[in-house]
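# Architecture and fold: a report
So the chains spell out like this:
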Amino acid sequence: MEDSRPQRSAFTVEVQRRGQEDWYAQAVTPSWFYGFHAADAAVQAFDRYVTHYRQSVETLVAPDAHALRILVRVQGAGGRPAVFSLRSVLEHKVRRDTGRRREALARLEEATEALQSSLRDAATGGVRQADLARISGWSRETLRKLNRGEN
């Protein structure tokens, strides 16, 4: 059976700023990134650019700031690059980060449910809360909250 998940690709990126006359490149090392989509590579290049040049999003979006764009192409392939403006990179970054947060919250909820189930099983099996606290390193109050489903 064929795997329907998208495959990661290597992308070559170039970060450019708008100067007085024309666009000029600003080095980002490495100049290639792995991602599922060109937008993923653009976000990675943006993150690296912000770190390397010690820029903040506030300074980049300021009214007097020079425009920024990121050119992305599949590594080893010719053709025209995909061009990402600062706005499109930030939109993709927010969507990506929101998705990651949602996934992490779902994993946390699953782990909490599994832990609560284990605590109930231990209590049903006759394990005292004081022993659970000693074994786990958690306070008895934390264990009580977990048993009650509190945060």
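Residues numbered from 1 in each chain as written. Predicted model: local features only at pLDDT ≥ 70, side-chain atom pairs only at ≥ 80, totals over all residues. Heavy atoms only, no water.

Let us look at the overall build of the chain. Scanning the chain from terminus to terminus reveals five helices and five strands. Its helices and strands in sequence order give the chain the pattern β-β-β-α-α-β-β-α-α-α, from N to C terminus. Taken against the 2.2 N^0.38 rule, which gives 15 Å for 151 residues, the C-alpha radius of gyration of the chain at 24 Å runs more than 25% over that of a compact globule. Over its C-alpha atoms, taken along the principal directions, the chain stretches across nearly 75 × 50 × 20 Å. The 151 residues of the chain split such that 27% are buried. In the chain, 56% of the contacts between residues at least 6 apart in sequence involve partners at least 24 apart. Summed over its atoms, the accessible surface of the chain is roughly 10700 Å², and 51% of this surface lies on carbon and sulfur atoms. Taken together, the 24 basic and 19 acidic charged side chains of the chain have centroids lying 3 Å from each other. (Helix = DSSP H or I, 4+ residues; strand = E, 2+ residues; numbered from the N terminus. Rg over C-alpha atoms; globule rule 2.2 N^0.38 Å. Buried < 20%, exposed > 50% of the residue type's maximum accessible area, 1.4 Å probe, protein only. Contact = heavy atoms within 4.5 Å. Areas by Shrake-Rupley, 256 points an atom, 1.4 Å probe, with all protein chains shown as cover. Lys, Arg positive; Asp, Glu negative; His and termini not counted. Charge placed at Lys NZ, Arg CZ, Asp CG, Glu CD.)

So, about the pairing of strand β4 (residues 68–74). Across seven bridges, strand β1 (residues 9–18) lies against β4 in antiparallel orientation. When the bridges of β4 are listed, Gln16 appears paired with Arg69. Bridge count for β4 against strand β5 (residues 82–85) is four bridges, and the pairing is antiparallel. What sits directly across from Val72, in β5, is Ala82. (Pairing = 2+ DSSP bridges.)

As a further point, take the pairing of strand β2 (residues 23–26). Inspection of the sheet shows β1 paired to β2 by four bridges, in the antiparallel sense. When the sheet's bridge partners are listed, Arg18 is paired in β2 with Trp23. Where β1 folds back on β2, the antiparallel hairpin that results is connected by four residues.

Roughly 220 Å³ of internal volume is contained in the largest pocket. Residue lining of the largest pocket: Pro6, Arg8, Tyr34, Gly35, Phe36, His37, Asp40, Gln44, Arg96 and Arg100, and that is the complete set. Of all the secondary-structure elements, those providing two or more residues to the lining of the largest pocket are β3 (32–35), α1 (38–52) and α3 (86–124). Here the lining of the largest pocket is built from residues that sort into three nonpolar, three polar and four charged. (1 Å grid on protein atoms, 1.4 Å probe; cavity = no way out; pocket = protein on both sides within 12 Å on 5 of 7 lines; lining within 4 Å. Points joined across faces, edges and corners; volume = space filled by probe spheres on them. Nonpolar A, V, L, I, M, F, W, Y, C, P; charged D, E, K, R; others polar.)

All quantities given are derived from atomic positions and should not be read as evidence of function.
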